Amino acid sequence: LVLTQSPGTLSLSPGERATLLCRASQRLGSGYFGWYQQKPGQAPRLLIYSASYRAPGIPDRFIGTGSGTDYTLTISSLEPEDFAVYYCQHYGGSQFTFGPGTKVEIK
Amino acid sequence: EVQLVQSGAEVRKPGESLKISCTTSGYSFADYWIVWVRQMPGKGLESMGVIWPGDSETRYSPAFQDQVTFSADTSINTAYLHWNTLRASDTATYYCARQPGGDAFDFWGQGTLVTVSS
């Protein structure tokens with residue numbers, strides 16, 4: 001399984017909408033798909049699980065959608081603290097695959 | 001409050017051994033998978049495998065099979081990642097995380113930086 005994320009880097013301003021894409025090389029069960037945020041020097045943080053469910057404490061501006069091979073993380077209006085790297089992940093069975101990440105940077 | 005606290009940064013020479021730890025609290029350690037994740041400098045996340053502390057069942061990702069060993073001590077709620085023979089290419093930050101059975105990794109340790117250099 002290979003997960004491909006696009007774009008590699010997204011340059012946006014606070015208040016703008018961010019759309020991050022993750023494509024799988026084979027169809028996935030959406031119940032086993034998640035998104036993580038990682039800021040420099042910090043551990044990753046779970047944002048979305050089962051493709052569309054927000055983890056506890058995650059603001060509702062983070063929206064996960066998708067099924068099959070195509071998944072999307074939308075940040076409806078970027079806050080200053082949202083500039084980070086985002087990873088998608090498939091966690092089915094005992095093999096866990098991460099995408100290469102999308103960096104969301106301040107324009 | 002669920003917490004995973006990892007041991008501090010380590011510097012070793014190639015060929016040396018090392019064991020790092022992940023001490024948990026705030027939940028039933030024996031009843032959740034612990035996963036280990038590698039992040040090489042400036043790179044992405046790689047899953048190394050998992051351990052079920054309740055019976056020490058382990059599942060290694062192919063790239064890490066025979067390279068590392070996972071263990072757990074339920075008496076002190078701690079998981080370990082062990083290398084017998086370190087290589088320079090093992091230089092990375094290593095994270096432990098909790099995985100509720102079959103689900104996403106919901107709580108993470110702060111990471112342990114391992115530097116292997118002669």
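Described below are features of the structure shown in this document. (Residues numbered from 1 in each chain as written. Chains lettered and ligands numbered in written order. Predicted model: local features only at pLDDT ≥ 70, side-chain atom pairs only at ≥ 80, totals over all residues. Heavy atoms only, no water.)

So, the overall build of chain B
Secondary structure assignment for chain B yields zero helices and eleven strands. Of the regular secondary structure in chain B, the N- to C-terminal order runs β-β-β-β-β-β-β-β-β-β-β. With respect to the principal axes defined by its C-alpha atoms, chain B has extents near 40 × 30 × 25 Å. Looking at chain B as a whole, 47% of its 118 residues qualify as buried. Put simply, chain B shows about 5,200 Å² of open surface, and 46% of that area lies on carbon and sulfur atoms. Between the mean site of the 8 positive side-chain charges and the mean site of the 12 negative ones, chain B shows a separation of 9 Å. (Helix = DSSP H or I, 4+ residues; strand = E, 2+ residues; numbered from the N terminus. Buried < 20%, exposed > 50% of the residue type's maximum accessible area, 1.4 Å probe, protein only. Areas by Shrake-Rupley, 256 points an atom, 1.4 Å probe, with all protein chains shown as cover. Lys, Arg positive; Asp, Glu negative; His and termini not counted. Charge placed at Lys NZ, Arg CZ, Asp CG, Glu CD.)

Some thoughts on the pairing of strand β10 (residues 102-106) of chain A
All names here are of chain A. With four bridges joining them, strand β2 (residues 9-12) and β10 adopt parallel strand pairing. Across the sheet, residue L12 finds its bridge partner in β10, namely I106. Both strand β8 (residues 85-90) and β10 contribute to a ladder of two bridges, which runs antiparallel. In the sheet register, Y86 faces β10, and the bridge partner there is T102. (Pairing = 2+ DSSP bridges.)

Here's the deal with the interface of chain A and chain B
Where the parts come together, the accessible area they lose is often given as the size of the interface. Facing the 15 residues of chain A at the interface are 23 residues of chain B. Around 1,500 Å² of area is buried between chain A and chain B when both sides are counted, 62% of it from carbon and sulfur atoms. Per-residue buried area on chain A facing chain B is highest for P44(A), F96(A) and F98(A); these three make up 36% of the total on that side. On the surface where chain A and chain B come into contact, there are zero salt bridges. (Contact = heavy atoms within 4.5 Å. Buried area = accessible area lost by both parts, 1.4 Å probe. Salt bridge = Lys/Arg side-chain N within 4 Å of Asp/Glu carboxyl O.)

Looking at the nonpolar core
Core analysis: the largest hydrophobic core is formed by 42 residues, its most contacted members being W35(A), Y86(A), F105(B) and W108(B). Filtering out sequence-adjacent residues up to four positions away, F105(B) remains in contact with Y36(A), L46(A), Q89(A), F96(A), F98(A), V35(B), V37(B), A97(B), R98(B) and Q99(B). Core analysis: the next-biggest nonpolar cluster, separate from the first, contains 24 residues, W36(B), Y60(B), V68(B) and C96(B) among them. (Core = buried A, V, L, I, M, F, W, Y, C linked by side-chain atoms within 4.5 Å.)

Here's the deal with the pairing of strand β9 (residues 92-99) of chain B
All names here are of chain B. The buried fraction of β9 is high, at eight of eight residues. Here three bridges tie β9 to strand β11 (residues 112-116), and the two strands are oriented antiparallel to one another. The partner of A92 across the bridge, within β11, is V114. As paired strands, β9 and strand β10 (residues 107-108) are joined by two bridges and run antiparallel to one another. Bridging from a neighbouring strand, R98 pairs with F107 of β10.

A few points about the sheet that holds strand β3 (residues 18-28) of chain A
All names here are of chain A. If you trace the three strands from one edge of the open sheet to the other, you get β1-β3-β7, paired in antiparallel fashion. Each edge of the sheet is formed by a strand with only one pairing partner; in this case those strands are β1 (3-6) and β7 (62-75). In this sheet, neighbouring strand axes are inclined to one another by 20 degrees on average, regardless of whether the strands run parallel or antiparallel. (Axes fitted to C-alpha atoms, helices over the stretch in contact; angles between N-to-C directions.)

Here's the deal with the environment of M48(B)
Residues and elements named next belong to chain B. Inspection of the secondary structure puts M48 in strand β5 (residues 45-52). Sequence separation of M48 and T112 is 64 residues, and the distance between their C-alpha atoms is 14 Å. In this structure M48 touches W36, V37, R38, R59, Y60, S61, F64, V68, F70, L81 and Y94, once residues within four positions along its chain are discounted.

A few points about the sheet that holds strand β8 (residues 78-83) of chain B
Residue and element names in this part refer to chain B. Strand order in the open sheet made by the four strands is β1-β3-β8-β7, with antiparallel pairing throughout. The sheet terminates laterally at β1 (3-6) and β7 (69-73), the two strands that pair on one side only. For this sheet, the mean inter-axis angle between neighbouring strands, taken without regard to orientation, is 20 degrees. Sheet analysis places strand β3 (residues 18-25) next to β8, joined by six bridges and oriented antiparallel. Bridging from a neighbouring strand, L18 pairs with W83 of β8.

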